[in-house]
Number of protein chains: 2
Amino acid sequence: VIGCEVAVLGDGSMGTTLAQVVAASGRSARLWCRSGSTSSSINERRRHDRMFPNAELAPTLSATTDLEEAVRGAPLVICAVPSQSFHGLAKQLGPLVTRDQVLLSATKGIDLRSLRRMSELLQLETGARAVGAISGPNITPEIMAGQLTAIVLASSDHEATAASARVLQTDRLRVYANDDLVGVELVGALKNVVAVAVGIATGLDLALNTRSLLMTRGIAEICHLAVNMGADERTFWGLGGIGDLYLTCTSPQSMNREVGVRLGRGEKLATILGDMKEVPESVYTVRACRALARARGLMLPITEATCRIFEGDLDPADLEETLAGGHELYDIDSDPQTPRESTLRVA
Amino acid sequence: VIGCEVAVLGDGSMGTTLAQVVAASGRSARLWCRSGSTSSSINERRRHDRMFPNAELAPTLSATTDLEEAVRGAPLVICAVPSQSFHGLAKQLGPLVTRDQVLLSATKGIDLRSLRRMSELLQLETGARAVGAISGPNITPEIMAGQLTAIVLASSDHEATAASARVLQTDRLRVYANDDLVGVELVGALKNVVAVAVGIATGLDLALNTRSLLMTRGIAEICHLAVNMGADERTFWGLGGIGDLYLTCTSPQSMNREVGVRLGRGEKLATILGDMKEVPESVYTVRACRALARARGLMLPITEATCRIFEGDLDPADLEETLAGGHELYDIDSDPQTPRESTLRVA
């Protein structure tokens, strides 16, 4: 087995897409699959029927169920498993990778047990020299179809960012680099809290004025938490922030939005999840976001309300009160803990 | 005639709505109407059938066609006429108002002849002590229906901002103050350039990934211009910025979005405007934005392309090239003139 240029771990939608993009540009990519039948289907028939029934995969894409074989010799390793399986994968990788392999996460979530970012888990368990993350407004079937798409790439090492970008970039997949790894990872995950809240408002048929208010205050709220955790707030105004949020709030394909819409219509979370093939990341992220905020003594009213709606502890119809009741009447105050409206209270 | 608490100049959708909100909260408001029949209808029947056929207007709302009568003694005067009529109104106001009257613009546009903001025109022509602006994600029928709505209010004078906010605030119309008058006015106008561009992409059926990229880079582009003109970039991340942009990009009621969608489908601007009751502000703003950028030596590719599509000089299908072709591959670079990607070029 010769090492490939890129190893992608996880045969879900994002993992398969990234492996295929790399392979379609003529590079060798190897996809680590959980299931032997998926792996065989890719190797023998160039198909991954469960994810992309209509796509013929590139000849330079190979699959394996052997993690050691998948990562061996690959200068770039991209991990794309669900967030709550990520720590387990990182532990498995520990003895398998060398310090010089660049490890990227393509998972937009937070580990609920440790409250760590995905790249933190990679760093912790592998001691890799360079870890990073991929994010951005990325619907995978659109990437597969060759639609013009931007992804954001950040890592702990400037050279690793540039090298990884060179491998992933194509005419149709534009890689935008960002130095703020903490921000890129946090916004990719936390924006789903806002997407769920806007989804709830949509399910409730709240006015567009109200939804726009909710979206704006929601992103300010998660931005505040992220800045407290070391993020650059400008990352929230980039592709992985408002770009991805706009996408998630408008795409009928987004499961994170869908959870919110159905909660807003009065369905129970258990019922909604029972109908879905996989658990949307937002289900974990909402709780992780609340836990992160509380641990820092921050008050995030939209996150708290969304979390309580998830838990059946708040009527979705009460979400609006989160917005109407407050005294936070200063538009661009980036620090809700020291409200500037004290001099401007008009209520 | 006793002076009212608020004079609203312009009987269009926004003017009528603001006057009604003030009057419904028990204050006296006077609406200056162009047409005698509208004025009579409001005074005699409490109706403004052209704008809000189903609404009964508050008894403390009176109407007049006499500008002097409208503004006399009103501590707060709100101007809500179309942007290209605004300078004319400001000139008329010159001899009619006193220095102590606070003058606000509720018009989201730029004067194409002078390239001035609306509040600049008020200041210039009246010498008022305090001028300002109202903006935000505000669909007027939703405000009329009592849906929870936030507006942004900025003025050249801190006390005037607070006093005006107190007059306008209700339980359902929340006033968020902002100190950055330049930013609030510019974002209210310039966000329509982005809304049109996203509309064109929608009309072209471009992928959501691509539209999200366009939206993100579009707002970065107009933010860059506005910062060059003295705005605080944080205003672009507030209610009048991403809040209003999200609204405009998603609302089927937005004429600015609609112009873009129909251009994207291949219709000519003249045909589109022929079907509309009024000229959407974006038609002027797109040209004003380009002129402002060129005068400052700034290159705004999305604005340039949108302008050329308006003029029939660029095929809408070529809009995408604006995004695909560039070398600007740094996510959160706020200054496109000194691109940081020089060290990160991956193409």
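Refer to the structure printed above.
Draft legend 1. Examining the sheet that holds strand β1 (residues 6-9) of chain B more closely. All names here are of chain B. In spatial order, the strands read β3-β2-β1-β4-β5-β6-β7-β8; together these eight strands make up an open sheet with mixed pairing. Each edge of the open sheet is held by one strand with a lone partner, namely β3 (61-64) and β8 (173-177). Strand after strand, the sheet turns through a mean of 25° between neighbouring axes, direction not considered. Both strand β6 (residues 131-135) and strand β7 (residues 149-155) contribute to a ladder of four bridges, which runs antiparallel. Its bridge partner being in β7, G132 is matched across the sheet by S155. Strand contacts of helix α1 (residues 13-24): β1, β2 (29-32), β3, β4 (76-79), β6 and β8, with the helix running at about 165° to β2, the strand carrying the most contacts.

Draft legend 2. Up close: the relation of the copies chain B and chain A. Superposing chain B onto chain A requires a rotation of 180° together with a translation of 0.0 Å along the rotation axis, leaving an RMSD of 0.0 Å. Put plainly, the chains are arranged around a two-fold axis. Taken as a fraction of all interface residues of chain B, those also at the interface in chain A reach 100%, which identifies the copy contact as same-surface.

Draft legend 3. Broad picture of the packing of helix α8 (residues 181-203) of chain B against helix α11 (residues 255-264) of chain B. All names here are of chain B. Packing of α8 against α11 leaves a shortest axis separation of 6 Å and a crossing angle of 35°. In this structure, the crossing between α8 and α11 has a hand that is right-handed. Contacts between α8 and α11 involve N192, A195, V196, G199, I200, T202 and G203 from the first element and N256, R257, G260, V261, L263 and G264 from the second. For the contact of α8 with α11, the per-class residue count stands at five nonpolar, seven polar and one charged.

Draft legend 4. Examining the sheet that holds strand β6 (residues 131-135) of chain A more closely. Residue and element names in this part refer to chain A. A sheet is described by the order of its strands in space; here eight strands give the open sequence β3-β2-β1-β4-β5-β6-β7-β8, paired in mixed fashion. Each edge of the sheet is formed by a strand with only one pairing partner; in this case those strands are β3 (61-64) and β8 (173-177). Averaged over all pairs of adjacent strands, the angle between their axes in this sheet comes to 25°, without regard to strand direction. Two strands pair when backbone bridges link them, and strand β1 (residues 6-9) and strand β2 (residues 29-32) are joined in this way by four bridges, in the parallel orientation. Along β2, the bridge assignment pairs L9 with W32. Of the strands in this sheet, β1, β2, β4 (76-79) and β5 (102-105) touch helix α4 (residues 83-93), which is tilted by about 155° from β4. Strands in contact with helix α8 (residues 181-203) are β5, β6 and β7 (149-155); relative to β6, the strand with the most contacts, it is inclined by about 45°.

Draft legend 5. The interface of chain B and chain A, seen in detail. Taken residue by residue, the interface counts 66 residues in chain B and 66 residues in chain A. With both sides pooled, the region where chain B packs onto chain A buries about 5,900 Å², and carbon together with sulfur makes up 58% of that total. Along the contact surface separating chain B from chain A lie two salt bridges. Summed over the shared surface of chain B and chain A, the result is twelve residue pairs in polar contact (both at pLDDT 80 or more). The set of elements that each furnish at least two residues to the side of chain B that touches chain A consists of α6 (140-144), β7, α7 (158-168), β8, α9 (208-228), α10 (239-250) and α15 (319-324) of chain B. Counting residues per element, the side of chain B that touches chain A draws most heavily on α9 of chain B, at ten residues.

Draft legend 6. Highlighting the state of the cysteines. Residue and element names in this part refer to chain A. With the rule as written, the count across this model stands at zero disulfides over all chains. Counting only cysteine sulfurs, C4 is the nearest neighbor of C33, a cysteine outside any disulfide, at a range of 12 Å. For C33, a relative accessible area of 1% gives the class buried.

Draft legend 7. Structural view of the pattern of salt bridges. Residue and element names in this part refer to chain A. A full pass over the atoms with the stated rule returns 34 salt bridges over all chains. Ionic pairing is found between R129 and D100, a salt bridge with its closest N-O pair at 3.7 Å. Of this pair, R129 sits in the loop between α5 (118-126) and β6 while D100 is found in the loop between α4 and β5, placing the two residues 29 residues apart along the sequence. Linked by salt bridges that have partners in common, R45, R47 and D49 make up one network.

Draft legend 8. Representation of the packing of aromatic side chains within the structure. On inspection of all chains with the given rule, the structure shows one aromatic pair over all chains. Where W237 of chain A meets W237 of chain B, the ring centres are 4.8 Å apart and the plane angle is 5°; that geometry is what we call stacked. With W237 of chain A in the loop between α9 (208-228) and α10 (239-250) and W237 of chain B in the loop between α9 and α10, this pair bridges two chains. On the accessibility criterion, W237 of chain A (10% relative accessible area) is buried.

About the cut-offs
- Each chain has its residues counted from 1, running along the sequence as written.
- Chain labels run from A onward and ligand labels from 1 onward, assigned in the order the entries are written.
- Given that this is a predicted model, residues contribute local features only at a pLDDT of at least 70 and side-chain atom pairs are listed and counted only at 80 or more, while totals for whole chains, interfaces and linings are drawn from all residues.
- With hydrogens and water set aside, each side-chain value is computed from the structure's full complement of heavy atoms.
- Strand pairing is assigned whenever DSSP identifies at least 2 bridges connecting the two strands.
- Starting at the N terminus, helices and strands are each numbered in turn, a helix being any DSSP run of H or I of at least four residues and a strand any DSSP run of E of at least two.
- Lines fitted to C-alpha atoms define the axes, with helix axes restricted to the stretch in contact, and inter-axis angles between N-to-C directions lie between 0 and 180 degrees.
- Note on definitions: a residue-residue contact is assigned when non-hydrogen atoms from the two residues lie within 4.5 Å.
- In superposing the copies, a least-squares fit is computed on C-alpha atoms, taking residues whose pLDDT is at least 70 in both.
- Note on convention: near helix rotated counterclockwise from far helix by under a right angle means a left-handed crossing. Clockwise means right-handed.
- For this scheme, ten residues count as nonpolar: Ala, Val, Leu, Ile, Met, Phe, Trp, Tyr, Cys and Pro. Four count as charged, namely Asp, Glu, Lys and Arg, and the remainder, Gly too, count as polar.
- Values labelled buried area give the accessible surface lost by two parts on being combined, using a 1.4 Å probe and summing over both.
- Just to be clear on terms, a salt bridge is a Lys or Arg side-chain nitrogen sitting within 4 Å of an Asp or Glu carboxyl oxygen.
- Two N or O atoms count as a polar contact when they lie within 3.5 Å, although within protein this holds only if one can serve as hydrogen donor and the other as acceptor, and sequence-adjacent residues are included solely when both atoms are side-chain atoms.
- Criterion for a disulfide: a pair of cysteine sulfur atoms at a distance within 2.5 Å.
- Burial status follows relative accessibility: with a 1.4 Å probe on protein chains alone, a residue under 20% of its type maximum counts as buried, one over 50% as exposed, and anything between as partly exposed.
- Within 6.5 Å between ring centres, the rings of Phe, Tyr and Trp (the latter by its six-membered ring) count as paired, and their orientation is classed by plane angle as stacked under 30 degrees, edge-to-face over 60, tilted in between.

In short, shape yes, function no, at least from these values alone.
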